[in-house]
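Chains, contacts and geometry: an overview
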Amino acid sequence: MRLGSGVFAACCVVIQVLGVAVFLRGFFPVSLRPVSQVQPQPPAPEPAAGTSSNWTQLPPAIFRKVIIMLVDALRDDFVFGSKGVQFMPYTKYLMEKGFAHNFIAEAKPPTVTMPRIKALMTGSIPGFIDVVMNFNSPVLLEDNLIGQAKAAGKRVIFYGDDTWIKLFPKHFVEYDGTTSFFVPDFKEVDDNVTRHLDTVLKREDWDILILHYLGLDHIGHLTGPHSSLIGPKLKEMDYILKKIHISLLSKEKEASLPHLLVLCGDHGMSEAGGHGASSVEEVSTPLLLISSAFHRKMGNLQPPKHVQQTDLAATLAVGLGLPIPKNSVGSILYPVVEKRTMREQLRFLHLNSVQLSRLLQENVPMYEKDPGFQQFKVSEKLHGNWIKLYLEGNNSEVLLNLGKKVLKQYLDALKTLSMSLSKQVAQYDMYSMMVGAIIVLEITILLLLSTPKALCQNAAFEIPLSSSSFSLLFYLMVLILSAVHVIICTSAERTCFLCSISWLMAVGVMMLISALLCVIVALLTKTFENVRPSAQNLAASSSGWSELDLLILFGTLGHVLSLGASSFIEEEHQTWYFLINTLCLALGHEVFRNHFLGKDLDHNLAVEQNIKKNAKNVLQYKNDYVDVPETSKIYKASSSMELLPKVYEKWLQLASPWFILICCRLLRTLNQTGVQWAHRLDFGHWLTSSDHKIELSVLTCLSLIMIFVLVQRRCSSVSKVAMALGLLGVFCYRAAIGNVLLPWQRDRKSISKSSAISHASFCYALICSIPVSAYIILVTSLRYHLFIWSVFSPKLLYEGVHLFITATICVFFIVMDQTNLIKP
């Protein structure tokens, strides 16, 4: 089967996309399927053995008001470590006095804000695919705590990161969002949240208050977790928590129920200051539940227990008297309800167990064999016996002991159910990943085998499709793959994607894999049959694949393979440094061989022979009484004129790879990138430090002069003046924000605010002169174009367009830095 290059490439792309889609379907775990309900189900009744319980409704709320104080990127050691002791004294006081339950909540990757908010409010485990799926549709449609509160008539107020407003639109009775994209701001972004506290804490028209502070996360991104800015920010957070707690205590005297204050973080902070991965520092966040209902004996401070971040949704739902979100995989934090009566405790744990068991039934085909489900059934049976004794009025020691036994059984069942559901979300579909990887690998091998033909002018590919499709190997592979498919689908403990599709589609995938394998085998056989050990074929093969071609090919493959490890992704620039240096050395070797050992000598001999032939032709006219120079003179003059440009070009080509190597080495010293060497000093830090502003000013001035010299060669005097004023404005603007020094500034201190305003005004005036000059040139060009067509000068039009582009670029950089213009 003969295919053109376009058809062949299109088929390869389609099959490649199919393989990548199958691989990604297995690589990105899909969220658990929610419990299928047309209408909301009533709460599960209390189990009873032989009797009917009268408790069929949700338990009453434990807390009257709940305040969630979420500090972005709050690491566990910022609260429980030495920094917490030093910078958060009031929080430490509450823990020591027993007014708080302390936990270390583990956040599942990806440790970024949006998926973590979903985990806190829904109790589910968002994956990496949730980040992509929520870009175009940010509204959270999954059952969540905020939606349950709104449906129950509770009033929710929010201040902080506007991600909440995008996820929960029309859920807050009052809100004020702050953007998280301006990282250098770590002061006003928190002040815009705190400024509402004095007013809202005095009001009684709300039930849930959510505060999301971003300043600590911004400091981490800028300077890291060990910065001197971390301490003052933690002190600020501690002061805010103290203000909120004192206000809640003053209101509890008039309230019938206590209030709850939650201090938590959405994710942690790595040692480099970022987040998103799965290191211990990034997934460990503090979780403090502060309330007067938790008062314990002094001196009984226990180390914080490790829990899951998804446990908060179920705990808050029970505390507010709301249904637990249907997709929640978390379990109730038992210390929150341990002060309630035994019947209430068992009721809370039973509702949580019923919710998890229903979610397990929807997502696990063989849920009856799950240990957590079996423990739940045993707990429910024991619970029914306890209810029977309780309703009969039995108050003996037997009732108390049985209640403790049921309580322990429920806690074990909740832990096992939660772990089983979490594994369902985090487990990869290895079967789909393997099938997708095989398809991608087969297409890659097919493209590599077709690369020599693709380099030809009229590329056409002979694909042995018909012979491969009816070969014995094809039918054998289809039978083997079908048998493997049956074995995997019948023995898999969880549902695979390829097992859930129809048999017709599954067989089609098997036939595609088999056909591609047969085509590759046929092409390899044909290639090896055409190989001959003669020198002529070896020379032809070497001319088809040079050393540079092989270097580029294997370098590209090596770079692609390096992206399979996270360490290589973080330090990808090191791979590029190695490949560029290797390529430059190979180019230098190739140029040296061509000029001194190869084609260049043959070319010089041909030039010399051509010159001698021309000299002999000239001698034939010597008898015609014409003064003709002698042969030697002609030969010398002609050879010198012909070879001089060649010699210059040769040395220029020889020097180019080494010049590129030097430039690359200088670029490497300019900035230390990546994670491992980001802390090391480099030339960029040396230039931007306050002690080397003079050097930076001189270098900036020389760079602007070089731009002026290179760009304005073909422009008129008006354009040159406008360009000079614009570049002068750029320098003045950088001087206004304190990056460089003006010649009359002898000290290295930052300029005053009034001086900065005057410099900025002068800068804007110079920038505005550029579009004015461009407008004049364009009007002149259009006037010539309309009235005197033959005298129209394209040079003027070029200058006008050039000035407009230059002005646009200058104004763009001014706008990008306008927030840093005046610093207090």
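For the structure itself, consult the block above.
Let me begin by describing the structure that accompanies this report. (Residues numbered from 1 in each chain as written. Predicted model: local features only at pLDDT ≥ 70, side-chain atom pairs only at ≥ 80, totals over all residues. Heavy atoms only, no water.)

This brings us to the overall build of the chain. When you go through the chain residue by residue, the secondary structure sums to 33 helices and 10 strands. Out of the 824 residues belonging to the chain, those deemed buried represent 42%. Partitioning the intrachain contacts of the chain with sequence separation of at least 6 by distance along the chain shows that 74% fall at a separation of at least 24. When the accessible surface of the chain is summed, it comes to about 44900 Å², and 65% of that surface belongs to carbon and sulfur atoms. (Helix = DSSP H or I, 4+ residues; strand = E, 2+ residues; numbered from the N terminus. Buried < 20%, exposed > 50% of the residue type's maximum accessible area, 1.4 Å probe, protein only. Contact = heavy atoms within 4.5 Å. Areas by Shrake-Rupley, 256 points an atom, 1.4 Å probe, with all protein chains shown as cover.)

For the rest of this paragraph, the subject is the side chain of Lys-65. Looking at where Lys-65 falls in the secondary structure, it is placed in the loop between helix H1 (5-27) and strand E2 (66-71). Classification of Lys-65 by relative accessible area gives buried; the value is 2%. For Lys-65, the side chain forms a polar contact with the main-chain oxygen of Trp-206, separated by 2.3 Å. When neighbours within four sequence positions are excluded, Lys-65 is seen to be in contact with Glu-204, Trp-206, Asp-207, Pro-258, His-259 and Leu-260. (Polar contact = N/O pair within 3.5 Å; in protein donor to acceptor, adjacent residues only side chain to side chain.)

Let's shift gears to the pattern of salt bridges. This structure, assessed with the given rule, holds 19 salt bridges. In this structure, Arg-75 engages Asp-77 in a salt bridge whose closest nitrogen and oxygen atoms are separated by 2.9 Å. Owing to a relative accessible area of 3%, Arg-75 belongs among the buried residues under this scheme. Note that Lys-233 and Asp-190 form a salt bridge whose closest N and O atoms lie 2.8 Å from each other. A residue pair is termed long-range when its members are at least 10 positions apart, and Lys-233 in helix H12 (residues 230-251) and Asp-190 in helix H9 (residues 188-194) qualify at 43 residues. Comparing Lys-233 with Asp-190 shows no difference in burial state: the two are buried. Overlapping salt bridges bring together Arg-64, Lys-65, Glu-204 and Lys-251 as one network. (Salt bridge = Lys/Arg side-chain N within 4 Å of Asp/Glu carboxyl O.)

What follows deals with the pairing of E2. Put simply, side chains in a regular strand alternate between the two faces of the sheet. Across the six residues that make up E2, a large majority, six, are buried. What you see with E2 is no split at all: Val-66, Ile-68 and Leu-70 on one side and Ile-67, Met-69 and Val-71 on the other are buried throughout. Alignment of E2 against strand E6 (residues 208-213), held across six bridges, turns out to be parallel. The residue bridging Ile-67 from the neighbouring strand is Leu-209, located in E6. By the bridge criterion, five bridges tie E2 to strand E7 (residues 260-264) in an arrangement that is parallel. Considered in E7, the bridge of Leu-70 is made with Cys-264. (Pairing = 2+ DSSP bridges.)

A few words on a nonpolar patch on the surface. Taken together, the side chains of Ile-694, Val-698, Leu-702, Ile-705, Met-706, Ile-707, Val-709, Leu-710 and Val-711 make up a nonpolar region of the molecular surface, amounting to roughly 760 Å² of accessible area. Note that Leu-702 resides in helix H30 (residues 693-711). (Patch = residues over 30% accessible without salt bridge, like charges linked within 9 Å, V, L, I, M, F, W, Y side chains within 5 Å.)

So, on to the packing of helix H4 (residues 89-97) against H12. The geometry of H4 relative to H12 is characterised by a closest axis approach of 7 Å and an angle of 50° between their N-to-C directions. What the angle tells us is that H4 and H12 run oblique. The segment H4 lies against H12, with Pro-89, Tyr-90, Thr-91 and Leu-94 engaging Asp-238, Leu-241, Lys-242, His-245 and Ile-246. The residue inventory of the contact of H4 with H12, partitioned by class, reads five nonpolar, two polar and two charged. (Axes fitted to C-alpha atoms, helices over the stretch in contact; angles between N-to-C directions. Parallel < 35°, antiparallel > 145°, perpendicular 65-115°, else oblique. Nonpolar A, V, L, I, M, F, W, Y, C, P; charged D, E, K, R; others polar.)

Let us look at the state of the cysteines. Per the stated rule, a full pass over the model turns up one disulfide. Paired through a disulfide, Cys-489 and Cys-499 show a sulfur-sulfur distance of 2.1 Å. On the sign convention where negative means left-handed, the S-S torsion of about -85° between Cys-489 and Cys-499 marks this disulfide as left-handed. Of the two residues, Cys-489 sits in helix H20 (residues 472-491) while Cys-499 sits in helix H21 (residues 497-500), which places them 10 residues apart along the sequence. For Cys-499, a relative accessible area of 25% corresponds to the partly exposed category. Cysteine Cys-664 remains unbridged, with the sulfur of Cys-584 as its closest cysteine sulfur at 5.3 Å. (Disulfide = S-S within 2.5 Å.)

Spanning 19 residues, H30 covers 27 Å between terminal C-alpha atoms, matching the ideal 27 Å at 1.5 Å per step. Of the residues making up H30, those classed as buried are Lys-693, Leu-696, Ser-697 and Leu-704. Looking straight down H30, one finds that the buried residues subtend no more than 100° of arc, so they occupy a single side. Where H30 is buried, its residues meet helix H29 (683-688) and helix H31 (717-736). (Expected span 1.5 Å × (residues − 1). Arc of directions from axis to C-beta.)

By the definition in use, this model includes 10 aromatic pairs. Taking 5.4 Å as the distance between ring centres and 25° as the angle between the ring planes, the aromatic pair formed by Phe-158 and Phe-172 counts as stacked. Here Phe-158, found in strand E4 (residues 156-161), pairs with Phe-172, found in the loop between helix H8 (163-167) and strand E5 (174-178); they are 14 residues apart in sequence, far enough to count as distant. Given the relative accessible area of 9%, Phe-172 is considered buried. Following the ring pairs from residue to residue traces out a cluster consisting of Phe-158, Trp-164, Phe-168 and Phe-172. (Phe/Tyr/Trp six-rings, centres within 6.5 Å; stacked < 30°, edge-to-face > 60°.)

Once that is clear, we can look at the nonpolar core. Within soluble globular proteins, side chains that are nonpolar generally end up buried alongside one another. Among the nonpolar cores identified, the biggest contains 44 residues, and Trp-164, Phe-168, Ile-210, Val-262, Leu-287 and Leu-289 are the most heavily contacted of them. In terms of residue count, helix H14 (residues 311-319) provides more of this core than any other element does, five residues in total. With near-sequence residues (within four places) excluded, Ile-210 lies in contact with Ile-68, Ile-146, Val-156, Ile-157, Phe-158, Tyr-159, Trp-164 and Phe-172. Grouped together as the second largest cluster of nonpolar side chains are 39 residues, Leu-74, Met-88, Tyr-159 and Leu-216 included. (Core = buried A, V, L, I, M, F, W, Y, C linked by side-chain atoms within 4.5 Å.)

To continue, consider the sheet that holds strand E8 (residues 284-290). The eight strands lie next to each other as E5-E4-E6-E2-E7-E8-E3-E9, forming an open sheet whose pairing is mixed. Each edge of the open sheet carries a strand with a single partner, namely E5 and strand E9 (305-308). Across this sheet, the average inter-strand angle for adjacent strands is 20°, counted without regard to direction. Pairing geometry for strand E3 (residues 100-106) and E9, over four bridges, is parallel. Its bridge partner being in E9, Glu-106 is matched across the sheet by Gln-308.

With their axes 11 Å apart at the nearest point, helix H15 (residues 342-363) and helix H16 (residues 371-391) run at an angle of 150° to one another. The orientation of H15 relative to H16 falls into the category roughly antiparallel. H15 and H16 meet at a crossing whose hand is left-handed. The segment H15 lies against H16, with Met-342, Arg-343, Leu-346, Arg-347, His-350, Ser-353, Val-354, Ser-357, Leu-360 and Gln-361 engaging Phe-373, Phe-376, Glu-380, His-383, Trp-386, Ile-387, Tyr-390 and Leu-391. (Left-handed = near helix turned anticlockwise from the far one by under 90°.)

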